[in-house]
Amino acid sequence: MVSYPKGKIKVLLLENVHKDAYELFHRDGFDVTLVKDAMEEAELIERISDVHVLGIRSKTNVTTKALENAKKLMTIGCFCIGTNQVELEEAEKRAVPVFNAPYSNTRSVAELVIAEIIMLARKATDQSRDVHLGKWNKIAKGCFEVRGKTLGIIGYGHIGSQVSVLAESMGMKVVFYDIISKLPLGNASSVHSYEELLQQSDFITFHVPETDETKNLFRKEHLNLVKPGAYLLNLSRGKVLEIDALVEGLKSGKLAGAGVDVFPEEPKSNDDPFVSPLQGLPNLILTPHIGGSTEEAQKNIGTEVAEKLLKYVNNGSTTFSVNFPNIELGNLKSGYHRILNIHQNQPGFLRDINSIISDLGGNILTQNLSTSSNIGYLSMEIDKNLGDELKNKIKAHKHSIRTRILY
């Protein structure tokens, strides 16, 4: 099933996306380029002009300006959980579905959360640093077992629920808060409000997306609500936790420790320096956004996202796209021709396209249409090759955005 020669379809993978993703595209005959680092907006605008498939992780921002210059762009793959680095609505309007990997690194993040909870409770990272410096400071004061302590989870999604299961197996009591009603796993229980969770919890961990509602979700005024000696962990998004609030909490002793894996501003590459007011504070674990950075997670993410992108390019399926009407399509039967069209969601479009095909002597065998508020995604199979004449007539329709024909 082809439309445009695969060797001419350019795939650009940034941020050292796992080699398995590269291999999947390469074996399928695409022209693939793998780049180690993220790209700033100006460089991306220049590079994206002749790219058909773009793969990124969390550091490259696909802005409206970049999308405006992406004249050939068919689809974007976010090789991570989040998609906030892409202007999703603008991509949708420009007929560019975006795919991600919402499940593949959940276990890796959850395991690191549990590891940090234990290390913080025992002040183990500070003790390790002292021993490296030749200081022998064997103490038990301020060091605790996690068994019997209360873990508060903010955001009970794929990662939060995994953390819940692991924490309960360690003997912790688990409470959670989510803006959407969620079914508790094990003996976990939901609380009525975010503030109630802060008041009850010995350990507080954030697992929420980056939205306007979650920006600075934890602020200085919340220090008055937490238990004295509580611990905070943020392995979700850098802007969820107000850095000044965390600094104040640790310096005042209101917080006994914290673990931070994500930051409001992060280096674009491993060669760039990192500076933060959090550096040097006691019982504070700082890691360079490695929550999902395990070989297993990156391999799974590479495969999952690449397969979704390939499926869309090769047969038109948009299942699991985060910004596009979802249609699941199977293999095209021999002798059939599949028309894939993205158009503005306006009345009468389907009637007009059916008339065009009928007037050209085509017979419609199957038809699928799925819509959002902005666009419609149409898949049709016909019994004969109507060639460029059909494509040009559809393209000329005032509401049509993009058309592909597979045969």
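Parameters at a glance
Per-chain numbering applies: the sequence of each chain, read as written, is numbered from 1 onward. Per-residue local features of the predicted model are confined to residues with pLDDT of at least 70, and side-chain atom pairs are confined, for both listing and counting, to 80 or more; whole-chain, interface and lining totals are unaffected and use all residues. Hydrogens and water are ignored here; the side-chain numbers use all heavy atoms of the structure. UniProt positions are given in the numbering used here, feature names are shortened, and annotations may be inferred rather than shown by experiment. The term salt bridge refers to a pairing of a side-chain nitrogen on Lys or Arg with a carboxyl oxygen on Asp or Glu at a separation within 4 Å. A run of H or I in DSSP becomes a helix once it reaches four residues, and a run of E becomes a strand once it reaches two; helices and strands are each numbered from the N terminus. Only protein chains enter the accessibility calculation, which uses a 1.4 Å probe. A residue is then buried if its area is under 20% of the maximum for its type, exposed if over 50%, and partly exposed in between. For two strands to be treated as a pair, DSSP must find at least two bridges joining them. Any two residues whose heavy atoms approach within 4.5 Å are treated as being in contact. Within 3.5 Å is the distance limit for a polar contact, defined as a pair of N or O atoms, with the added protein rule that one can donate a hydrogen and the other accept it, and that residues adjacent in sequence qualify only through two side-chain atoms. Grouping buried Ala, Val, Leu, Ile, Met, Phe, Trp, Tyr and Cys residues that are joined through side-chain atoms within 4.5 Å yields what is termed a nonpolar core. Domain boundaries shown here were taken from an automatic or database domain assignment. Lines fitted to C-alpha atoms define the axes, with helix axes restricted to the stretch in contact, and inter-axis angles between N-to-C directions lie between 0 and 180 degrees. Take the accessible area each of two parts loses on contact, using a 1.4 Å probe, and add the two losses: that sum is the buried area. All amino acids are sorted into three groups, where Ala, Val, Leu, Ile, Met, Phe, Trp, Tyr, Cys and Pro are nonpolar, Asp, Glu, Lys and Arg are charged, and the leftover types, Gly among them, are polar.

- Per an unreviewed UniProt entry, the chain goes by D-3-phosphoglycerate dehydrogenase and derives from Leptospira kanakyensis.
- Per UniProt, the chain has the following entry under Sequence similarities (unreviewed entry): "Belongs to the D-isomer specific 2-hydroxyacid dehydrogenase family."

**Some words on the pattern of salt bridges**
Link 1 in the chain: Going through the model one piece at a time under the given rule, you end up with 17 salt bridges.
Link 2 in the chain: Where K6 meets D28, a salt bridge forms, and the shortest distance between an N and an O atom there is 3.1 Å. Note that K6 is positioned in the segment before β1 (10-13) and D28 in the loop between α1 (19-27) and β2 (31-34), a separation of 22 residues in sequence.
Link 3 in the chain: Residue class for D28 comes out partly exposed when judged on its relative accessible area of 26%.
Link 4 in the chain: In this structure, K182 engages D178 in a salt bridge whose closest nitrogen and oxygen atoms are separated by 3.3 Å.
Link 5 in the chain: Judged by its relative accessible area of 29%, K182 is partly exposed.
Link 6 in the chain: One continuous salt-bridge network, built from bridges that share partners, spans D126, R129 and D130.

**Notes on the sheet that holds strand β8 (residues 189-190)**
Link 1 in the chain: One open sheet holds the seven strands; their spatial order is β8-β7-β6-β9-β10-β11-β12, and the pairing between them is parallel. Strands with a single pairing partner mark the edges of an open sheet, and in this sheet they are β8 and β12 (284-286).
Link 2 in the chain: Of the strand pairs in this sheet, strand β10 (residues 230-234) and strand β11 (residues 255-260) are connected by five bridges, and their pairing is parallel. Across the sheet, A230 pairs through a bridge with L255, a residue of β11.

**Quick look at the environment of K268**
Link 1 in the chain: Structurally, the position occupied by K268 is in the loop between β11 and β12.
Link 2 in the chain: A C-alpha to C-alpha distance of 6.3 Å links K268 and K59, two positions 209 residues apart in sequence.
Link 3 in the chain: Those residues within four positions of K268 in sequence are excluded, and the remaining contacts are A38, E40, K59 and N61.
Link 4 in the chain: For K268, the side chain forms a polar contact with the main-chain oxygen of K59, separated by 2.6 Å.

**A word on the nonpolar core**
Link 1 in the chain: Membership of the largest hydrophobic core comes to 31 residues, with the highest contact counts inside it found for L13, F25, F30 and F79.
Link 2 in the chain: Where this core is concerned, the elements lending two or more residues are β1, α1, α10 (295-315), β13 (337-344) and β15 (375-382).
Link 3 in the chain: No other element matches α10, which puts seven residues into this core.
Link 4 in the chain: Each of domain 1 (1-100 + 294-324) and domain 3 (328-406) accounts for three or more of the residues forming this core.
Link 5 in the chain: If sequence neighbours within four positions are ignored, F79 has contacts with L13, V17, A21, G55, I56, R57, I301, G302, V305, A306 and L309.
Link 6 in the chain: Among the nonpolar cores identified, the runner-up in size contains 29 residues, and V191, V240, L241 and A258 belong to it.

**Some points on the sheet that holds strand β14 (residues 364-371)**
Link 1 in the chain: Sheet architecture is open: four strands sit in the order β14-β15-β13-β16, paired in antiparallel fashion. The open sheet is flanked by β14 and β16 (400-406), the only strands paired with a single partner. Taken over all neighbouring pairs, the strand axes of this sheet differ in orientation by 15° on average, direction set aside.
Link 2 in the chain: Relative to β15, β14 runs antiparallel, the two being bridged by seven bridges. In the sheet register, S370 faces β15, and the bridge partner there is Y377.
Link 3 in the chain: Set on the sheet, α10 makes contact with β13, β15 and β16; between it and β16 the angle comes to about 85°.
Link 4 in the chain: Each of β13, β14, β15 and β16 is contacted by helix α11 (residues 349-359), which is oriented at about 25° to β15, the strand it contacts most.

**Overview of the environment of M172**
Link 1 in the chain: Locating M172 in the fold gives a position in the loop between α7 (158-169) and β7 (173-177).
Link 2 in the chain: In this structure, the C-alpha to C-alpha distance between M172 and Y194, residues 22 residues apart in sequence, is 19 Å.
Link 3 in the chain: Non-local contacts of M172, meaning those with residues more than four positions away in its chain, are made with I117, V146, G148, K149, L151, A167 and F203.

**Overview of the domain arrangement of the chain**
Link 1 in the chain: One can read the domain layout of the chain as domain 1 (1-100 + 294-324), domain 2 (105-286) and domain 3 (328-406).
Link 2 in the chain: Computed over C-alpha atoms, the centres of domain 1 and domain 2 are 32 Å apart.
Link 3 in the chain: Tallying the contact residues gives eleven residues for domain 1 and nine residues for domain 2.
Link 4 in the chain: The largest contributions to the domain 1 side of the interface with domain 2 come from K59, I81 and N84, which together make up 49% of the buried area.
Link 5 in the chain: Summed over the shared surface of domain 1 and domain 2, the result is zero salt bridges.
Link 6 in the chain: Here the side of domain 1 that touches domain 2 is composed, by residue class, of four nonpolar, four polar and three charged.

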